[in-house]
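Remarks on the overall topology
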Amino acid sequence: MKIGIIGAGNIGGTIARKLAAGGHSVKLAGAKGPDDIRDKAAEIGAVPVTTQDVVKGVDVIILSIPYAQIPNVASVFVGVPADVVVIDTSNYYPFRDENIAEVDGGMPESIWSSELLGRPVVKAFNAVLAQTLAEGGTEAGTANRIAIPVAGDDARAKAIACDLVNQTGFDALDAGDLAHSWRQQPGTPAYCTELTLSDLRNALSAADKARAPINRDALIKVFMEAKAPLSREQIVARNREVTAPQ
């Protein structure tokens, strides 16, 4: 497939690397332009392009930028064919993104994204740590394979996103429509807790919408106040502890 990725950070860059290695044609756009990521793109196996060009002539667009930056790229989606799948990997963190009234009021993050972009998105790759995405993938059928939730309103788009998740080394779980995608947002039991398919299904069911932002902010406070960087295992354990159903 032809895939365009907006965002060359830890998540976007890792997805680009894995999909390029899998034989996909990948274009990569960074915030500072193609020259800034030329060496990284070459090492990954992607083609560095501008944000305006990354959405042209592709089958899938993966949006992997800080949540508050989504309005800044909305204009490039004008004229993108309706059958191009758009995958949103971003997450809302008020301490970084500043407060967004609609999301603070309960609007699922990817519905807000969809409205800004003027087209439906699929929510995927958001509920996994960058290090987990880079190191935790395994072959399909492997025991205790980590699962990633995928939410969306279009069955075809969601199926394509699920296939890409599987290709990156993780089981894909159909998490329902975008109206329920809050169940995989920060502060929920499904978010960055490295669960198997069956456990992830249970975690999505156990999510508490009112409690999620409280958990999210409490976890961020812990992580930011840590005297030394926490390991992947420590972050996952803390996420599981704080978000466990009560």
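Each chain has its residues counted from 1, running along the sequence as written. Side-chain atom pairs in this predicted model are given and counted only at pLDDT of 80 or more, local residue features only at pLDDT of at least 70, and totals for whole chains, interfaces and linings cover all residues. Values reported for side chains reflect all heavy atoms of the structure, with hydrogen atoms and water molecules removed beforehand.

**Re the overall build of the protein chain**
Helix and strand definitions here come from DSSP, where helices need a minimum of 4 consecutive H or I residues and strands a minimum of 2 consecutive E residues; each element is numbered from the N-terminal end. A tally of helices and strands in the protein chain yields 12 helices and eight strands. Overall size of the protein chain, expressed as C-alpha extent along the three principal axes, is 50 × 40 × 40 Å. For every residue, the accessible area (1.4 Å probe, protein chains only) is compared with the maximum for its type, and the residue is labelled buried under 20%, exposed over 50%, or partly exposed between those bounds. The buried share of the protein chain, taken over its 246 residues, is 54%. Per-residue and other accessible areas were derived by the Shrake-Rupley procedure at a 1.4 Å probe size, with only the shown protein chains allowed to occlude residues. Total accessible area computed for the protein chain in this model is approximately 11,200 Å², and 52% of it derives from carbon and sulfur atoms. The average position of the 24 basic charges and that of the 29 acidic charges among the side chains of the protein chain differ by 2 Å. For the purpose of charge, His is not counted, nor are the chain termini; Lys and Arg are scored as positive and Asp and Glu as negative. To locate a charge, the coordinates of NZ of Lys, CZ of Arg, CG of Asp or CD of Glu are taken.

**Points about helix H10 (residues 197-206)**
For H10, the full list of buried residues reads Leu200, Ala203 and Leu204. All buried residues of H10 project into a common sector of 100° when viewed along the axis, lining one side. Exposed and facing more than 90 degrees away from the buried side of H10 are Asn202 and Ser205. Residues of H10 that are buried in the fold lie against strand S7 (147-150) and strand S8 (171-174). The arc refers to the directions leading from the helix axis to the C-beta atoms. What makes two residues a contact is simply this: any of their non-hydrogen atoms within 4.5 Å.

**Some thoughts on the packing of aromatic side chains**
Geometry of an aromatic ring pair is reported as the spacing of the ring centres plus the angle between the planes. Each aromatic pair joins two rings of Phe, Tyr and Trp (for Trp, the six-membered one) with centres within 6.5 Å, and gets the label stacked for planes under 30 degrees apart, edge-to-face for over 60, and tilted for any other angle. In total, this model carries three aromatic pairs according to the counting rule given. Arranged with centres 5.6 Å apart and planes meeting at 50°, the rings of Tyr67 and Tyr92 form a pair that is tilted. Linking Tyr67 in the loop between strand S4 (60-63) and helix H4 (70-73) with Tyr92 in the loop between strand S5 (85-88) and helix H5 (94-97), this pair joins segments that are 25 residues apart in sequence. Overall, the relative accessible area of 1% leaves Tyr92 in the buried class. Of the aromatic side chains, those joined through ring pairs into one cluster are Tyr67, Tyr92 and Trp112.

**Here's the deal with the packing of helix H11 (residues 212-225) against helix H12 (residues 232-243)**
Angles run from 0 to 180 degrees between N-to-C directions of axes, and those axes are lines fitted to C-alpha atoms, restricted for helices to the stretch in contact. Between H11 and H12, the least distance of the axes is 10 Å, while the angle of their chain directions is 145°. Of the two possible hands of crossing, H11 and H12 adopt the one that is right-handed. On the side of H11, the interface is formed by Asn215, Leu219, Val222 and Phe223, while H12 contributes Ile235, Arg238, Asn239, Val242 and Thr243. Polar here means any residue outside two lists: the nonpolar Ala, Val, Leu, Ile, Met, Phe, Trp, Tyr, Cys and Pro, and the charged Asp, Glu, Lys and Arg; Gly therefore counts as polar. When the residues that make up the contact of H11 with H12 are grouped by side-chain class, the tally is five nonpolar, three polar and one charged. A crossing counts as left-handed when the near helix is turned anticlockwise from the far one by less than a right angle, and as right-handed when that turn is clockwise.

**Concerning the sheet that holds strand S3 (residues 47-48)**
Strand order in the open sheet formed by six strands is S3-S2-S1-S4-S5-S6, with parallel pairing between adjacent strands. The open sheet terminates on both sides in strands that have one partner only, identified here as S3 and strand S6 (122-123). In this analysis, strands are considered paired if DSSP registers two or more bridges between them. Strand direction decides the pairing type here: S5 and S6, joined by two bridges, are parallel. In the sheet register, Ile87 faces S6, and the bridge partner there is Val122. Sitting on the sheet, helix H7 (residues 109-117) touches S4, S5 and S6, and the angle it makes with S5 is about 135°.

**What about the state of the cysteines?**
What counts as a disulfide here is a pair of cysteine sulfur atoms lying within 2.5 Å. This structure, assessed with the given rule, holds zero disulfides. Just so you know, Cys162 is unpaired, no disulfide at all, and the nearest cysteine sulfur is the one on Cys192, 18 Å from it.

**Details of the side chain of Ser181**
In this structure, Ser181 sits in the loop between S8 and H10. Look past the residues within four positions of Ser181 in its chain and what remains in contact with it is Pro108, Ser110, Lys123 and Ala151.

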